[in-house]
Amino acid sequence: MKLDGTHQRSITRTADGAGARILDQRELPWVVKWVELRSVHAAELAIREMWTRGAPLIGATAAYGLAMALAEDGSDAALDAAYTLLLESRPTAVNLKWALDQVAAIVRPLPTADRAAAAFARADAICDEDVALNQAIGAHGLALFRTLHAENPDRPLNILTHCNAGWLATVDYGTATAPIYLAHDAGIPVHVWVDETRPRNQGALLTAFELAGHGVPHTVIADNAGGHLMMTGQVDAVIVGTDRVTANGDVCNKIGTYLKALAAKDNGVPFYVALPYTTFDASTATGADVPIEERSGEEVTHVAGEGGRIRVTASGAANPAFDVTPARLVTGYLTERGLLTSV
């Protein structure tokens, strides 16, 4: 995607090839700040403290983190320690473990001296594959959006999305946003309702930043406005990303997604989930088996803005970061293989 008119990926190798370069998403949209990660501990911190976020991007960052660890020490002990450190940085998104397993499987049979180069190469490949997967998701989504727009060709196609499933959550294009970008570029008039996505406001801060950079018409809304917009016929479809889809099709995504799915079901609005195969977790039976990350209550009690952080309540707060949308509420899964009605 474009940043200040220049094509960018959300993560790349550093110029010397020894680390990873990411956007510090905590500063967006007020400050565009690139950060270089030079160690496995820096990668773990960036994931845990959400300098970088989004299931596919977490996986890519972790893959580079494992490579950086092996560059310092290629032993089995170092590999196992780095794997465990990174795996525990965020518990919910399945891409994290998938990426670590991919790198570990490549390097374990190799001599210790060859492991770092092989790990970096696999991390590069994971990034390239993510871009290709998202392009394919976008292409299938574009066909879907053409059909949806044909039902009401005299007005813009109104899409509602929750959280950020764009290029800032992946390596490029995004999952849920890929068809939006492709539809806009193809001349389909599309307008996006952007949930603010409390408590970290990834929609208001990140999705809106992305859409503005690409020139896509959009409007930020309070999280609780979505049901009203659906009831009054102002939403043609809901599309979200996901951190994990379980074997039965349950969808684990940012907190508040379940409520959007309920409102969509009640109002006959199609509810789509965009994901690559790396986010499908066949080893977990249902959403009830997914560990739900509980983050600091300070994310709820304080709000970050251009002038810094302010406290908005004198009380304490609970902060479950994700919820589970049952498969029965999902209209379809938008994947690199096409639109699926079940997984």
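Predicted, not measured: the structure shown is a model, and the values here were computed from it. Chains are numbered independently. Their residues run from 1 in the order of the written sequence. Where local features are concerned, this predicted model is filtered to residues with pLDDT of at least 70; where side-chain atom pairs are given and counted, the filter is 80 or more; whole-chain, interface and lining totals use all residues. Only hydrogens and water are removed before side-chain values are computed, so all heavy atoms of the structure are retained for them.

Novice: I'm lost on unusual backbone geometry in this one. Help?
Specialist: The phi angle of most residues is negative, glycine excepted, and most peptide bonds adopt the trans form. In this chain, Leu-28 is followed by Pro-29 through a cis amide linkage whose omega measures 0 degrees. For the purposes of this entry, the term helix denotes a DSSP run of H or I that reaches at least four residues, the term strand denotes a run of E that reaches at least two, and both are numbered from the N terminus. Along the polypeptide, Pro-29 turns up in the loop between strand 4 (20–23) and strand 5 (34–37). At the junction of Arg-198 and Pro-199, the peptide bond is cis and its omega measures out at 10 degrees in the coordinates. One non-glycine residue, Cys-163, lies in the positive phi region at around 65 degrees. Relative to the helices and strands, Cys-163 is located in the loop between strand 6 (157–161) and helix 6 (178–185). A positive phi angle is found at Tyr-173, which is not glycine, with a value near 70 degrees. Along the chain, Tyr-173 falls in the loop between strand 6 and helix 6.

Novice: Would you take a moment to explain the packing of helix 2 (residues 55–72) against helix 3 (residues 76–87) for this structure?
Specialist: Angle between the axes and distance between the axes: these two values describe a pair of packed helices. With their axes 9 Å apart at the nearest point, helix 2 and helix 3 run at an angle of 150 degrees to one another. When the axes of helix 2 and helix 3 are compared, the pair comes out roughly antiparallel. For helix 2 against helix 3, the interelement crossing comes out right-handed. In this structure, helix 2 uses Ala-62, Gly-65, Leu-66, Ala-69 and Leu-70 to contact helix 3, whose residues at the interface are Leu-79, Ala-82, Tyr-83 and Leu-86. To obtain an axis, a line is fitted to C-alpha atoms, over the contacting stretch when the element is a helix, and the angle between two such axes runs from 0 to 180 degrees between their N-to-C directions. Comment on the angle field: the value is read as roughly parallel under 35 degrees, roughly antiparallel over 145, roughly perpendicular from 65 to 115, and oblique elsewhere. Crossings are assigned a handedness: left-handed for a near helix turned anticlockwise from the far helix by less than a right angle, right-handed for a clockwise turn. Every residue pair with non-hydrogen atoms within 4.5 Å of one another is taken to be in contact.

Novice: Teacher, can you tell me more about the nonpolar core here?
Specialist: Generally speaking, a soluble globular protein has its nonpolar side chains buried in company with each other. Ile-11, Leu-37, Tyr-64, Leu-66, Phe-145, Ile-159 and Ile-239 are the most contacted members of the largest nonpolar core, which has 75 residues in total. The element that contributes the greatest number of residues to this core is helix 5 (residues 112–151), accounting for 13 residues. The contact partners of Ile-11, leaving out residues within four places of it in the chain, are Ala-20, Arg-21, Ile-22, Leu-57, Ala-60, Thr-61, Tyr-64, Cys-127 and Val-171. Here the nonpolar core consists of buried residues drawn from Ala, Val, Leu, Ile, Met, Phe, Trp, Tyr and Cys, with membership extended through side-chain atoms lying within 4.5 Å. Three labels apply to residues, based on accessible area from a 1.4 Å probe with only protein chains included: buried if under 20% of the type maximum, exposed if over 50%, partly exposed otherwise in between. Formed by 21 residues, the second largest nonpolar core is a distinct cluster that contains Ile-221, Leu-229, Val-245 and Val-269.

Novice: In this structure, what is going on with the sheet that holds strand 10 (residues 244–246)? I would like to understand it.
Specialist: In a beta sheet, neighbouring strands pair by backbone hydrogen bonds and run either parallel or antiparallel. Note on pairing: DSSP must find at least two bridges between two strands before they are called paired. With mixed pairing, the four strands of this open sheet are ordered in space as 13-10-11-16. Edge positions in the open sheet fall to strand 13 (280–281) and strand 16 (322–325), since each of these has one partner strand only. Of the strand pairs in this sheet, strand 11 (residues 251–254) and strand 16 are connected by four bridges, and their pairing is antiparallel. Bridge pairing in strand 16 links Cys-252 to Val-324. Running at roughly 30 degrees to strand 16, helix 9 (residues 257–267) makes contact with strand 11 and strand 16 of the sheet.

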